[in-house]
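Analysis of the macromolecular model
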Amino acid sequence: MKLRMAENSLFAILLRSRWWASAAIAALIALLAWALLPPDWKLAGALMGMPFVVIAVLAGWRQRHAPSAARVEQTGQVLRALAWPAFAELLEQAFRRDGHEVTRRDGAADFVLERKGRQMLVCARRWKSARAGLDTLRELQSAREAAGAADALYIGLGEFSEQAAAYARAQRIAVWQAAELAQALRGLLPPAR
């Protein structure tokens with residue numbers, strides 16, 4: 001049985017937040033404990049913030065290579081200016097660099113990725129759309145089921161409708177937007193104009 005943390009629990013939210021948010025909570029707990037508790041309990045009270053220190057370390061470790069907000073914005077601008085053939089070539093290079101075998105295809109999915117016997121369908125052709133809708137994700141999920149693929153990935157720079165986001169979570173469809181693309185395409189993007 002694999003244990004999963006609730007998506008909206010305090011610790012899950014802090015793991016997705018900047019590392020210093022957890023560190024600040026830990027410091028606040030230590031400060032309040034030191035100021036308000038009797039002398040015999042001060043150290044024990046201050047140590048109650050240790051779970052937040054652990055979360056700060058985990059979040060910092062995960063975010064150590066995360067692109068800055070400026071880099072994410074620049075990536076979005078560069079990618080919006082590209083035509084489909086250039087964007088598809090960049091994605092293919094990134095997937096190959098990360099160890100995937102890449103096959104292009106037509107239909108609901110633009111790429112089939114294989115690595116270690118696992119197959120993933122990738123839908124990326126609508127990356128410039130202003131808003132990602134439920135229909136695109138349903139088509140991708142249908143193609144995934146028909147192909148027997150283990151995973152699915154939707155790539156798009158636009159906003160997600162509430163229904164589309166809920167559907168992607170329910171079907172375990174990974175979503176890459178500007179931040180994920182900035183990370184995946186590191187070193188491959190042409191400079192912004």
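Structure first, text after, so check above.
Predicted, not measured: the structure shown is a model, and the values here were computed from it.

This next bit is on the overall build of the chain. Helix and strand counts for the chain stand at 9 helices and 7 strands. What you see for the chain is a C-alpha radius of gyration of 21 Å, clearly larger than the 16 Å of a compact globule of 193 residues, by over 25%. In terms of overall dimensions, the chain has C-alpha extents of about 70 × 45 × 35 Å along its principal axes. Out of the 193 residues belonging to the chain, those deemed buried represent 36%. Approximately 12,000 Å² of the chain is accessible, and the part contributed by carbon and sulfur atoms is 58%. Across the chain, 26 positive and 17 negative side-chain charges occur, with their mean positions spaced 4 Å apart.

Another point: the nonpolar core. If you look at the biggest cluster of nonpolar residues, it comprises 26 residues, and the most contacted ones within it are Leu79, Phe87, Leu91, Phe95, Phe111, Val122 and Ile155. Top contributing element to this core by residue count: helix H6 (residues 84-97), with 7 residues. Setting aside anything within four residues of it in sequence, one finds Phe95 in contact with His100, Val102, Phe111, Leu113, Val122, Leu153, Ile155 and Trp176.

The subject of this paragraph is the pattern of salt bridges. In the structure shown here, the tally under the stated rule is 9 salt bridges. Note that Glu89 and Arg104 form a salt bridge whose closest N and O atoms lie 3.6 Å from each other. Of this pair, Glu89 sits in helix H6 while Arg104 sits in strand S1 (residues 101-104), and the two are 15 residues apart along the sequence. Of the residues examined, Arg104 reaches a relative accessible area of 42% and is grouped as partly exposed. The partner of Arg126 in a salt bridge is Glu139, with the nearest N and O atoms 3.7 Å apart. Of this pair, Arg126 sits in the loop between strand S3 (118-123) and strand S4 (131-132) while Glu139 sits in helix H7 (residues 134-147), and the two are 13 residues apart along the sequence.

What follows concerns the sheet that holds strand S7 (residues 173-176). Read across the open sheet, the 5 strands follow the order S1-S2-S3-S5-S7; overall the sheet is mixed. In this open sheet, the two strands that pair with only one neighbour each are S1 and S7. Strand-to-strand twist across the sheet, computed as the mean angle between neighbouring axes with direction ignored, equals 25 degrees. Inspection of the sheet shows S3 paired to strand S5 (residues 151-155) by 4 bridges, in the parallel sense. Following the sheet pairing, Met120 is matched in S5 by Asp151.

This next bit is on the environment of Leu185. Considering the arrangement of structural elements, one finds Leu185 in the segment after helix H9 (178-184). The residues touching Leu185, leaving out its near neighbours within four places in the chain, are Leu79, Leu90, Leu91, Ala94 and Arg97.

Our focus in this paragraph is the packing of H7 against helix H8 (residues 162-171). The N-to-C vectors of H7 and H8 enclose an angle of 20 degrees; their axes lie 9 Å apart at closest approach. Here H7 lies roughly parallel to H8, going by the angle between them. When you trace H7 past H8, the crossing you get is left-handed. Facing H7, whose interface residues are Leu134, Leu137, Arg138, Gln141 and Arg144, H8 presents Gln163, Ala164, Tyr167, Ala168 and Gln171. Considering only residue class, the contact of H7 with H8 consists of 5 nonpolar, 3 polar and 2 charged.

Reading the values: the criteria
- Residues numbered from 1 in each chain as written.
- Predicted model: local features only at pLDDT ≥ 70, side-chain atom pairs only at ≥ 80, totals over all residues.
- Heavy atoms only, no water.
- Helix = DSSP H or I, 4+ residues; strand = E, 2+ residues; numbered from the N terminus.
- Rg over C-alpha atoms; globule rule 2.2 N^0.38 Å.
- Buried < 20%, exposed > 50% of the residue type's maximum accessible area, 1.4 Å probe, protein only.
- Areas by Shrake-Rupley, 256 points an atom, 1.4 Å probe, with all protein chains shown as cover.
- Lys, Arg positive; Asp, Glu negative; His and termini not counted.
- Charge placed at Lys NZ, Arg CZ, Asp CG, Glu CD.
- Core = buried A, V, L, I, M, F, W, Y, C linked by side-chain atoms within 4.5 Å.
- Contact = heavy atoms within 4.5 Å.
- Salt bridge = Lys/Arg side-chain N within 4 Å of Asp/Glu carboxyl O.
- Pairing = 2+ DSSP bridges.
- Axes fitted to C-alpha atoms, helices over the stretch in contact; angles between N-to-C directions.
- Parallel < 35°, antiparallel > 145°, perpendicular 65-115°, else oblique.
- Left-handed = near helix turned anticlockwise from the far one by under 90°.
- Nonpolar A, V, L, I, M, F, W, Y, C, P; charged D, E, K, R; others polar.

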